[in-house]
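Residues per chain are reported as follows:
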Amino acid sequence: MQNENFYVTVDGISLSCQRIIPTNVRPDAPTILFLHEALGTIRMWRDFPAKLATATGHPVIVYERRGHGKSDPHGPDDIPRPIDFHNTETDIYLRGLIRELGLDRPILFGHSDGATIALKYAARFPNNVRAVISEAAHVFVEDVTIAGINEAASIYASTDWKSKLERHHFFQTDDVFRAWVDTWRQPAFRDWQMIDELPNIICPILVIQGNDDQFGSDEQVHIICDKVSGTATKMILADCGHIPHFDQPDQIIDASQKLLRQIEPVTA
């Protein structure tokens, strides 16, 4: 297993990245690109990207969005973020990162906000992605999501959660948290949705949701799968919360392998 940490500059912003090359890597295997959740970093994926790389023989790249971990911080006037901030992450940063890395139609593995961005990319650049693995994506705003965010804000204010996040986000911790909570709690954000873009997705997708997810319901999965134009596989997991790759990692790896075999059949 080879790990390499490096930076890529996109639109003047330095993004922290990690490349994982498993010992069993196939030279023709497309890269799996990981997109983290609203409070995520490279390290917060733990060893899951490496496990998926080893299980599939695919190279992996994990990156940190602007304002997260070791990537460049948000600007002083960037929080709360605009209602359409997913578009900026897709059209400028993700598209630019894929271009700078020279990736040929990567497989996108996204969690929460990262899954939403992955779906956005597949909708806006349908010929530039092979497949999407989506965990706990949001394509519209639910009451349960806002309730979960309000509860998270109370926990952040009354516990040592900030000090734990500081291990990953350093001086950016408060801004990372505010960029999530303050953005989603804007009254105008309740009307945000990307359902209208879903029919543009033509690649195969795996749509995963935990049935105990405190930030979203199974309705997200049903709408995504009903609206996309490509082949969609539903995976609703029992005894699973908002982070399926921690709660049910083996099931996620198995399902991901099935998706990859679907797009690249193994030949004798």
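No experiment lies behind these values; they were computed from the predicted model shown. In this numbering scheme, every chain counts its residues from 1 along its sequence in written order. Residues qualify for local features only when their pLDDT is at least 70, as the model is predicted, and side-chain atom pairs are given and counted only at 80 or more; totals for whole chains, interfaces and linings, by contrast, use all residues. Side-chain measures here rest on the full set of heavy atoms in the structure, leaving out hydrogens and waters.

Peer 1: Let's hear about the sheet that holds strand β3 (residues 32–35): which residues, and what values?
Peer 2: One open sheet holds the eight strands; their spatial order is β1-β2-β4-β3-β5-β6-β7-β8, and the pairing between them is mixed. Edge strands, defined here as strands with exactly one partner in the open sheet, are β1 (2–10) and β8 (232–237). The sheet shows a mean angle of 20° between the axes of neighbouring strands, taken without regard to direction. Examined bridge by bridge, β1 and strand β2 (residues 13–21) share nine bridges and lie antiparallel to one another. Each residue of the ladder has a partner; that of N3, found in β2, is I20. Its contacts with the sheet put helix α2 (residues 85–101) on β1, β2, β3, β4 (60–63) and β5 (107–111), and the angle it makes with β1 is roughly 120°. Contact definition: two residues touch when any of their heavy atoms are within 4.5 Å. The convention used is that axes are lines fitted to C-alpha atoms, helices contributing only their stretch in contact, and that angles between N-to-C directions extend from 0 to 180 degrees. Numbered from the N terminus, helices here are DSSP runs of H or I no shorter than four residues, and strands are runs of E no shorter than two. Packing against the sheet, helix α3 (residues 113–124) makes contact with β3, β5 and β6 (131–135), and its axis sits at approximately 145° to β5. Criterion used throughout: strands pair if DSSP finds at least two bridges between them.

Peer 1: I'd like a description of the packing of helix α1 (residues 48–56) against helix α9 (residues 249–263), backed by residues and values.
Peer 2: Running from N to C, α1 and α9 point in directions that differ by 45°, and their axes come no closer than 10 Å. Our classification of the angle between α1 and α9 gives oblique. Once α1 is placed against α9, the crossing between them reads as right-handed. Across the interface between the two elements, F48, K51, L52, A55 and T56 from α1 touch P249, I252, I253, S256, Q257 and L260 from α9. A class-by-class count of the residues in the contact of α1 with α9 yields seven nonpolar, three polar and one charged. Each angle gets one of four labels, with under 35 degrees taken as roughly parallel, over 145 as roughly antiparallel, 65 to 115 as roughly perpendicular, and the rest as oblique. Helix crossings fall into two classes, left-handed where the near helix is turned counterclockwise from the far one by less than a right angle and right-handed where it is turned clockwise. Classification used: nonpolar for Ala, Val, Leu, Ile, Met, Phe, Trp, Tyr, Cys and Pro, charged for Asp, Glu, Lys and Arg, polar for all others including Gly.

Peer 1: Tell me what's going on with the environment of H111, and back it up with residues and numbers.
Peer 2: With respect to the secondary-structure elements, H111 resides in strand β5. Summary of the burial criterion: residues with accessible area below 20% of their type's maximum are buried, those above 50% are exposed, and those between are partly exposed, where the area comes from a 1.4 Å probe applied to protein chains only. The class for H111 is buried, based on a relative accessible area of 2%. Residues contacting H111, with those up to four places away along its chain left out, are L35, H36, E37, W45, E135, A136, H242, I243, P244 and H245.

Peer 1: Got a sec to walk through the packing of α2 against α3? Specific residues and values, please.
Peer 2: As a packed pair, α2 and α3 sit with axes 9 Å apart at the nearest point and diverge in direction by 75°. Relative to α3, the element α2 is oriented roughly perpendicular. Between α2 and α3, the residues in contact are F85, H86, N87, E89, T90, D91, L94, R95 and I98 and D113, T116, I117, K120, Y121 and R124, respectively. Of the residues contributing to the contact of α2 with α3, the split by class is five nonpolar, four polar and six charged.

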